[in-house]
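# Per-entry structural report
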Amino acid sequence: MKVSDYVLQRLREWDVDHVFSYAGDGINGLLAAWGRADNKPEFVQARHEEMAAFEAVGYAKFSGRVGVCAATSGPGAIHLLNGLYDAKLDHVPVVAIVGQTNRSAMGGSYQQEVDLASLYKDVASDFCETVTVPEQLPNVIDRAMRTAIARRTVTAIIIPADVQELDYSPPQHAFKMVPSSLGMAQYAPVPANPEVARAAKVINEGEKVAILIGQGARGARAEVEELADVTGAGVAKALLGKDALPDDLPYVTGAIGLLGTRPSYELMMECDTLVVIGSSFPYTQFMPELDQARAVQIDIDPHMVGMRYPFEVNLVGDAKETLRALLPQLKRKKHGDWRKKIEKNTKRWWEVMQRRAAVDADPINPEYVVHALDQLLPNDVILAADSGSAANWYARHLRLRGAMRGSLSGTLATMGPGVPYVIGAKFAHPERPALAIVGDGAMQMNGMAELITARKYWRQWSDPRLIIAVLNNEDLNQVTWEMRAMSGAPQFEPSQHIPDVPYADFARSIGLGGVRVEKPGDVESAWRQALSADRPFVIDFRTDPAVPPIPPHASFDQIEAAATAILKGDSDRADMIKQGFKAKVQEMLPGHRHREDRPGTEDGKNAR
């Protein structure tokens with residue numbers, strides 16, 4: 001047995017069933033071992049190492065298991081980095097196995113020799129180790145797996161090419177040998193009783209309770225629902241926690257932050273007590289004023305508590321078990337005016353979303369594209385959104401319910417993971433439909449090539465449905481609108497305009513399904529066609545870049561700057577755009593603290 005044979009054997013013993021990768025001579029020993037092992041765990045061939053890493057992230061996010069990716073030395077290892085940072089920043093367990101030049105060549109400026117230990121020391125800061133002798137195994141693999149699971153992070157194993165070819169010999173019962181064992185027992189830490197009592201006291205003394213949940217609350221759905229019921233609270237969700245609680249509950253206000261909803265903004269601006277569960281949501285300005293609310297945080301990671309807000313009590317523990325300890329100590333609050341207002345605001349928000357989706361655009365309103373999907377979603381669908389304006393519509397128009405899952409690149413907010421995320425999801429759950437909403441920029445960046453991966457593997461999925469919806473507006477839209485709203489700059493064509501590409505035609509050319517949609521009347525039928533397809537399917541929606549992804553809490557100054565920037569562009573569509581802005585502002589106004597409420601302004605004049 002070679003070292004490479006043993007590596008694959010140990011991965012199998014850890015129940016790893018897929019490794020996302022791309023070949024290269026730095027891992028030739030491993031590739032040969034895969035041949036001897038009858039391709040177990042399955043080698044999933046991406047089109048690029050970055051995509052392999054994203055697929056490992058998608059697999060891990062939607063399976064709850066460790067994602068594993070592999071790459072050759074030098075450029076292959078470098079290409080993994082963006083996907084690995086996506087995993088690290090979103091606290092997803094991923095193990096990277098990378099090749100290295102032969103030990104005899106190291107330090108000699110040899111071809112494809114990169115100082116991988118230095119390169120990976122940040123992204124895999126919790127565990128990154130180079131295997132130089134066979135006896136380091138299985139310990140290195142076991143620690144990489146356990147550390148990734150326990151700390152929800154990225155770990156890396158570097159194996160020089162010549163080491164892969166050595167005969168395997170296990171560590172002995174001897175000095176400076178490190179035997180190892182398999183497995184990672186489940187555990188659920190709970191805070192000390194006095195700390196739980198302190199948290200209960202803070203919550204009991206509040207009158208207007210708001211709850212903010214993230215992905216760390218995903219396993220505590222029933223407990224969060226009970227907490228909201230006992231306290232009469234509304235629940236806002238960080239985007240990574242969008243699937244942690246159903247959106248069809250009347251007190252769930254939806255996403256919070258730059259891509260958030262108005263009722264979530266109002267919930268935070270008016271509460272007197274805040275409970276944050278399993279979230280490191282970074283934008284303090286979307287949370288209550290610093291002296292407004294008493295606050296309690298629950299998080300399993302002691303390194304992540306106490307940030308973002310001046311919390312009075314920080315509980316370190318598993319969300320589910322901590323809430324189980326907390327709930328018996330809470331006093332039931334009457335569902336009075338506070339809860340009624342939350343539910344009224346939330347109901348009104350969804351009515352506004354429906355009206356916004358119905359606004360005419362040229363040729364199609366992207367909000368309508370996503371809004372029309374909402375009622376058609378299968379109950380077991382897995383969703384991904386790419387970074388950009390597509391994430392806005394995913395955040396605001398799709399109501400996740402039942403067993404639906406959804407995610408995006410939350411903290412890194414990188415372009416490009418939408419398509420590989422759902423491919424990774426299909427390997428985790430081949431029996432479930434998966435759907436990605438991506439912008440044309442992300443699709444051109446790497447999504448088109450990764451359709452080839454879907455083409456290669458889709459026949460082995462029991463449910464063949466993998467749907468890629470491309471919002472094709474020939475614009476890097478999110479950045480365009482950020483420039484307008486933040487800088488008052490019109491669209492800078494050389495950086496923002498991108499070419500129209502026949503995405504559906506490309507999909508059909510490689511044996512997948514596809515359709516191009518250029519009229520609003522064809523949107524719903526296209527969704528239905530894709531959802532009933534017998535193979536992966538691409539929908540090329542021709543959408544209007546003039547529909548602004550400006551958040552519902554945007555300041556009037558930002559809206560005015562964006563409108564002015566468009567008009568500076570001397571567009572022949574200026575009148576239509578102006579009217580569109582007028583409609584948006586009118587929808588946003590009721591949720592604002594209007595300028596007439598601020599000291600030193602004349603009655604209503606500045607607001608109007």
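From a predicted model like this one, the values you see are computed outputs, not experimental measurements. (Residues numbered from 1 in each chain as written. Predicted model: local features only at pLDDT ≥ 70, side-chain atom pairs only at ≥ 80, totals over all residues. Heavy atoms only, no water.)

## Thoughts on the overall build of the protein
Test applied: Runs of E in the DSSP output that reach at least two residues are strands. Runs of H or I that reach at least four are helices, and both are numbered from the N terminus. Radius of gyration: over C-alpha atoms. The globule rule applied is 2.2 Å multiplied by the number of residues raised to the 0.38 power. Partly exposed describes any residue whose relative accessible area lies between the buried limit of under 20% and the exposed limit of over 50%, with all areas from a 1.4 Å probe on protein chains only and scaled to the type maximum. In this description, contact between two residues means that some pair of their heavy atoms is separated by no more than 4.5 Å. Accessible surface area values rest on a Shrake-Rupley calculation with a 1.4 Å probe, where residue burial reflects the displayed protein chains alone.
From N to C terminus, the protein includes 23 helices and 18 strands. The C-alpha atoms of the protein give a radius of gyration of 26 Å, which matches the 25 Å a tight globule of 608 residues would have. Based on the C-alpha atoms only, the size of the protein along its principal axes is roughly 85 × 65 × 45 Å. When each of the 608 residues of the protein is scored for burial, the buried share is 58%. Nonlocal contacts in the protein, meaning residues at least 24 apart in sequence, comprise 74% of its contacts between residues at least 6 apart. Counting only carbon and sulfur atoms, one obtains 51% of the accessible surface of the protein, whose full area is about 24200 Å².

## Overview of the pairing of strand β17 (residues 513–517)
Note the cut-off: With its strands directed away from the observer, a crossover is right-handed exactly when the path from the first strand over the helix to the second travels clockwise.
Among the five residues in β17, four count as buried, and that is most of the element. Regarding the hand of the β-α-β motif, the stretch spanning β17, helix α21 (residues 523–531) and strand β18 (residues 537–542) is right-handed.

## What to know about helix α15 (residues 389–397)
For α15, the tally of buried residues reaches nine of nine residues, placing the bulk of the element in the interior. Taken together, the buried positions of α15 are S389, A390, A391, N392, W393, Y394, A395, R396 and H397.

## Looking at the pattern of salt bridges
Using the following cut-off: A pairing counts as a salt bridge when a side-chain nitrogen of Lys or Arg comes within 4 Å of a carboxyl oxygen of Asp or Glu.
Evaluated as defined, the whole model comprises 36 salt bridges. Note that R103 and D162 form a salt bridge whose closest N and O atoms lie 2.9 Å from each other. Note that R103 is positioned in the loop between β4 (94–100) and α6 (116–119) and D162 in helix α8 (residues 161–164), a separation of 59 residues in sequence. On the basis of relative accessibility, which here comes to 34%, the residue R103 falls in the partly exposed class. In this structure, a network of salt bridges that share partners links the residues K201, E205, R294 and E312.

## Notes on unusual backbone geometry
Cis geometry is found at the peptide bond from K40 to P41, where omega equals 0 degrees. Assignment of secondary structure puts P41 in the loop between α2 (28–36) and β2 (42–45). Cis peptide bonds are those with omega within 30 degrees of zero, and the linkage from L137 to P138 qualifies with 10 degrees. Turning to its location among the elements, P138 is positioned in the loop between β5 (128–130) and α7 (139–151). In the Ramachandran plot, H91 falls in the positive-phi region, its phi being about 60 degrees despite a non-glycine side chain. Summarising the element assignment, H91 is placed in the loop between α5 (81–89) and β4. One non-glycine residue, K176, lies in the positive phi region at around 60 degrees.

## Notes on the sheet that holds strand β10 (residues 273–277)
Counted only if it meets this: What makes two strands pair is DSSP finding at least two bridges between them. Axes, fitted as lines to C-alpha atoms, cover a helix only where it is in contact. Angles between the N-to-C directions of the axes lie from 0 to 180 degrees.
Pairing is parallel across the open sheet formed by six strands, whose spatial order is β9-β8-β7-β10-β11-β12. On the outer flanks of this sheet lie β9 (252–255) and β12 (313–316), each paired with one strand and no other. Across this sheet, the average inter-strand angle for adjacent strands is 15 degrees, counted without regard to direction. Bridge count between strand β8 (residues 234–237) and β9: three bridges; the pairing is parallel. The residue of β9 that forms the bridge with V235 is V252.

## Here's the deal with the sheet that holds strand β14 (residues 405–407)
Taken together, the six strands give an open sheet; going across it, the order is β14-β13-β15-β16-β18-β17, and neighbouring strands pair in parallel fashion. Where the open sheet ends on each side, the last strands, each with one partner, are β14 and β17. For this sheet, the mean inter-axis angle between neighbouring strands, taken without regard to orientation, is 15 degrees. By the bridge criterion, six bridges tie strand β15 (residues 434–439) to strand β16 (residues 466–472) in an arrangement that is parallel.

## Points about the confidence of the model for the protein
Residues shown with low pLDDT carry predicted positions that ought not to be read at fine detail. Here is the rule: Confidence scores here are pLDDT values: one per residue, from the predictor, ranging 0 to 100.
Averaged over all residues, the pLDDT of the protein equals 91, while 90% of them reach at least 70. Long-range and interchain partners of residues 588–608, a stretch whose pLDDT sits below 50, account for 29 contacts in this model, where long-range means more than four residues apart.

## So, the side chain of K333
Stated precisely, the cut-off is as follows: In this tally Asp and Glu are treated as negative and Lys and Arg as positive; neither His nor the chain ends contributes. The definition of a polar contact used here is a pair of N or O atoms within 3.5 Å, where within protein one atom must be able to donate a hydrogen and the other to accept one, and adjacent residues in sequence count solely through side-chain atom pairs.
Mapped onto the elements of the fold, K333 is located in the loop between α12 (319–326) and α13 (337–357). Buried and without a salt bridge, K333 has D272 as its closest oppositely charged side chain, separated by 7.3 Å. One polar contact links the side chain of K333 to the main-chain carbonyl oxygen of N204, over a distance of 3.1 Å. Those residues in contact with K333 that lie beyond four places of it in its chain are I203, N204, G206, V209, V230 and T231.

## Structural notes on the environment of A46
With respect to the helices, strands and loops of the structure, A46 is situated in the loop between β2 and α3 (49–63). The residues touching A46, leaving out its near neighbours within four places in the chain, are S21, Y22, M51, A52, E55, E450 and T453.

## Focus on the nonpolar core
Buried together is how nonpolar side chains tend to be arranged in soluble globular proteins. As a reminder, the rule being used: What is meant by a nonpolar core is a set of buried Ala, Val, Leu, Ile, Met, Phe, Trp, Tyr and Cys residues, joined one to another through side-chain atoms within 4.5 Å.
With 58 residues, the main nonpolar core has L80, L84, V94, Y120, M443 and I468 as its most contacted residues. Sorting elements by how many residues they give to this core places α3 first, with nine residues. By size, the runner-up hydrophobic cluster in this structure holds 40 residues, among which are A255, A372, V517 and A530.

## Examining α7
We apply this condition: A helix is expected to reach a length of 1.5 Å times the quantity of its residues less one.
For α7, which comprises 13 residues, the first-to-last C-alpha distance of 17 Å matches the rise-based estimate of 18 Å (1.5 Å per residue) to within 8%. Along α7, the positions that sit buried rather than exposed are N139, V140, I141, D142, A144, M145, T147 and A148. Where α7 is buried, its residues meet α1 (3–13), β4, β5 and β6 (154–160). R152, located one to two residues past α7, shows a positive phi value of around 50 degrees.

## Observations concerning the packing of aromatic side chains
The criterion, for reference: The criterion for an aromatic pair is that two Phe, Tyr or Trp rings (for Trp, the six-membered ring) have centres within 6.5 Å, with stacked assigned to planes under 30 degrees apart, edge-to-face to planes over 60 apart and tilted to the rest. Criterion for a charge above a ring: Arg CZ or Lys NZ at most 6 Å from the ring centre, at most 35 degrees from the ring normal.
Scanning the model with the defined rule gives eleven aromatic pairs in all. Judged by centre distance (5.8 Å) and plane angle (75 degrees), the ring pair of F20 and F427 falls under edge-to-face. One end of the pair, F20, is in strand β1 (residues 18–21); the other, F427, is in helix α16 (residues 418–428), and 407 residues separate them in sequence. Exposure remark for F20: the relative accessible area of 0% places this residue in the buried category. Between W527 and F541 the ring centres are 5.2 Å apart and the planes differ by 45 degrees, which places this aromatic pair in the tilted class. With a gap of 14 residues between them, W527 in helix α21 and F541 in strand β18 connect regions that are remote in the sequence. Overall, W527 belongs to the buried group, its relative accessible area being 0%. Given the relative accessible area of 0%, F541 is considered buried. A network of ring pairs unites the aromatic residues F20, Y59, F427, Y457 and W461 as a single cluster. Just above the ring of Y394 sits the side chain of K242; from NZ or CZ to the centre is 5.4 Å. Sitting over the ring of W481, R484 keeps its end group 4.6 Å from the ring centre.

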